[in-house]
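# Secondary and tertiary structure notes
If you want the building blocks of each chain, they are given just below.
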Amino acid sequence: MQKVLVTGGTGYIGSHTVIELLNSGYEVDIIDNLSNSKAETIAAIEAITKKRPTFHNIDLLNRESLTELFDNNHYDFVLHFAGLKAVGESVEKPLLYYRTNLDSAINLVEAMLAHGINNIVFSSSATVYGRQYSPEYVETMQVGSGIANPYGRTKYMIEEILKDTCAANPDFSATILRYFNPIGNHPSGLIGENPNGIPNNIMPVIMRVATGQIKELNVYGNDYDTPDGTCRRDYIHVVDLAKGHLAAMQHIKPGVSVYNLGTGKPTSVLELLAAFESASGHELPHVFAPRRSGDVAEMWANPSLANQELNWHTNLTIADAMRDTLKFLESQR
Ligand code: UD1
């Protein structure tokens, strides 16, 4: 049985990927420092899959613990999700973000090289494309300039670290996955996205408006040059995204590979809101607010490369994501 190490495996996208790995017959070790996730997620994963991943409470900044883990375990693949990801916080505490995200990646790759483990899949973000106006983004486009915040820059820098590592180590394989906008959760409703602190992304905000924790949704801008005046994004169901990791892992090849993971279809803020209202049967309080600085009007993936090379396609819809989100909200009551 092949064994996979998942860093950040109790987090939102990591935990959904662990479920897909276990369901596909892989043995899974998770490392996470639980800074933005809960240990109970392990029990939820077990309830869903009837299999239990091995959990190690390890901080990737702790090189000794990491070395000890690799001394005692062999991994066929490493999936690297762990990292700080709050955009606003990264602007306030840039050094925390650079230290945490970059040192974590370097420590992990160093430990892999020292132990002859050559396959890594990295969670990157469409944010690396910066503010260039496309609106459809292809992997061959320029990355790294005009990125709006330190969080986004750490994603770009880790991509570069992986590229340089592959150039220096011909046996090393790095697959970089650029996520568009993940939403939804496992259909069981047992796991989902529940960030600590004030949310920044739209779905966690919608969820808190629905539960009354936030009064209303601010729709940031209705004067964009788009069909309904609000921004359009490529919202991808997290279960489809998780399956993209499996496909990427199974098609890994020496050197660097980069894939967009998105649906290729844009949805506006108002369309997303309408989908939530239709699933819940209730209106969601919202107001139009000024544009949010740093937002581009439209951004969606060209997912052709992942479709062709990884034989991966999205199957789930925005309506599925809304239904699953409501189920998760019910389970939180
Ligand atoms: C954001 C980050 C990006 C990060 C990604 C995933 C910014 C500028 N970009 O992308 O770096 O990789 O999340 O974590 O922060 N919206 C509202 N009201 C809200 C919240 C959002 O109208 O309360 C709108 C936004 O204007 C945007 C859309 O919803 O048009 C999606 O926003 P969000 O979920 O924050 O994702 P991105 O901005 O695409």
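The structure this text deals with has already been given above.
About the thresholds
By convention here, each chain's residues receive numbers from 1 onward along its written sequence. With the structure being a predicted model, the display of local features is reserved for residues of pLDDT at least 70 and the display and counting of side-chain atom pairs for 80 or more, all residues being used for whole-chain, interface and lining totals. As a convention, hydrogens and water are excluded, and side-chain values are obtained from all of the structure's heavy atoms. The numbering of helices and of strands both runs from the N terminus, where a helix is a DSSP run of H or I of at least 4 residues and a strand a run of E of at least 2. Within these notes, the globule rule equals 2.2 Å times the number of residues to the 0.38 power, and the radius of gyration is based on C-alpha atoms. Using a 1.4 Å probe on the protein chains alone, a residue whose accessible area is under 20% of its type maximum counts as buried, one over 50% counts as exposed, and one in between counts as partly exposed. By definition, residues are in contact when any of their heavy atoms lie within 4.5 Å. Values of accessible area rely on a 1.4 Å probe in the Shrake-Rupley scheme; residue burial ignores everything except the protein chains shown. To estimate how far a helix should reach, multiply one less than its number of residues by 1.5 Å. Within 3.5 Å is the distance limit for a polar contact, defined as a pair of N or O atoms, with the added protein rule that one can donate a hydrogen and the other accept it, and that residues adjacent in sequence qualify only through two side-chain atoms. Here, any two strands with at least 2 DSSP bridges between them count as paired. All axes are obtained by fitting lines to C-alpha atoms, using only the stretch in contact for helices, and the reported angles, taken between N-to-C directions, cover 0 to 180 degrees. Throughout, near means a residue has at least one heavy atom within 4 Å of the molecule or strand. Each residue receives one of three labels: charged for Asp, Glu, Lys and Arg, nonpolar for Ala, Val, Leu, Ile, Met, Phe, Trp, Tyr, Cys and Pro, and polar for the others, Gly being one of them. Orientation labels follow simple angle bins: below 35 degrees gives roughly parallel, above 145 gives roughly antiparallel, 65 to 115 gives roughly perpendicular, and whatever is left gives oblique. Handedness of a helix crossing follows the sense of rotation of the near helix relative to the far helix, less than a right angle counterclockwise being left-handed and clockwise being right-handed.

Turning next to the overall build of the chain. Each helix and strand counted, the chain has 11 helices and 15 strands in total. In terms of overall dimensions, the chain is globule-like: its C-alpha atoms have a radius of gyration of 19 Å, near the 20 Å expected for 333 residues. With respect to the principal axes defined by its C-alpha atoms, the chain has extents near 55 × 45 × 40 Å. For the chain, with 333 residues in total, the buried portion stands at 53%. Once local pairs closer than 6 in sequence are excluded, the contacts in the chain between residues at least 24 apart make up 79%. Looking at the chain as shown, the accessible area adds up to about 14400 Å², and 49% of this sits on carbon and sulfur atoms.

With that settled, consider helix α5 (residues 94-114). In this model α5 runs 30 Å from its N-terminal to its C-terminal C-alpha over 21 residues, within 8% of the 30 Å that 1.5 Å per residue would give. Considered for burial, the residues of α5 that qualify are Tyr 97, Thr 100, Asn 101, Leu 102, Ser 104, Ala 105, Asn 107, Leu 108, Val 109, Ala 111 and Met 112. Here the buried face of α5 lies against β1 (3-7), α3 (63-72), β4 (77-80), α4 (87-92), β5 (119-125) and α6 (150-168). Downstream of α5 by one or two residues, Gly 116 has phi in the positive range, about 65 degrees.

Looking at the element boundaries, Glu 46 is found in helix α2 (residues 40-49). Placed 27 residues apart in sequence, Glu 46 and Ile 19 show a C-alpha to C-alpha distance of 8.5 Å. Here Arg 52 takes part through its side chain, which lies 2.5 Å from a polar atom of the side chain of Glu 46.

Spatial ordering of the open sheet is given by β3-β2-β1-β4-β5-β7-β12, a layout of 7 strands whose pairing is parallel. Both edges of this open sheet fall to β3 (54-56) and β12 (255-261), since each of them pairs with a single strand only. Going across the sheet, the axis of each strand differs from the next one's by a mean of 20 degrees, ignoring polarity. Pairing analysis gives 3 bridges linking β4 to β5, with the strands arranged parallel. By the bridge assignment for β5, His 80 is matched with Phe 122.

A separate point is the sheet that holds strand β6 (residues 136-137). Strand order in the open sheet formed by 4 strands is β6-β15-β10-β13, with mixed pairing between adjacent strands. Both edges of this open sheet fall to β6 and β13 (267-268), since each of them pairs with a single strand only. Looking at chain direction, β6 and strand β15 (residues 298-301) are connected through 2 bridges and run parallel. Bridged to Tyr 137 within β15 is Ala 301.

Once that is clear, we can look at the site of the ligand. The ligand sits among 20 residues. The nearest are Asn 201, Asn 218, Arg 233, Arg 292 and Asp 295. Between the ligand and Ile 202 there is a distance of 2.8 Å, counted from an oxygen atom to a backbone nitrogen or oxygen. One nitrogen or oxygen atom from the main chain of Tyr 220 is found 2.9 Å from an oxygen atom belonging to the ligand. Taking 740 Å² as the accessible area of the ligand by itself, protein coverage stands at 90%. Those elements that place two or more of their residues in the shell around the ligand are α7 (202-210) and β9 (217-220). With 4 residues, the single largest contributor to the shell around the ligand is β9. Residue composition of the shell around the ligand, grouped by class: 10 nonpolar, 7 polar and 3 charged.

On to unusual backbone geometry. Omega for the bond connecting Ser 134 with Pro 135 falls within 30 degrees of zero, at 0 degrees, which places this linkage in the cis form. Within the fold, Pro 135 resides in the loop between β5 and β6. Positioned with a positive phi, Leu 34 is a non-glycine residue whose angle comes to about 60 degrees. Relative to the helices and strands, Leu 34 is located in the loop between β2 (27-31) and α2. Not every positive phi belongs to a glycine, and Lys 50 is a case in point at roughly 65 degrees.

What follows concerns the packing of α7 against helix α9 (residues 269-280). The contact between α7 and α9 brings their axes to 12 Å, and the two run at 40 degrees. Here α9 runs oblique to α7, going by the angle between their axes. Every pair of crossing elements has a handedness; the one defined by α7 and α9 is right-handed. Here Ile 202, Met 203, Ile 206 and Ala 210 of α7 lie close against α9, whose contacting residues are Val 269, Leu 272 and Phe 276. When its residues are assigned to classes, the contact of α7 with α9 shows 7 nonpolar, no polar and no charged.

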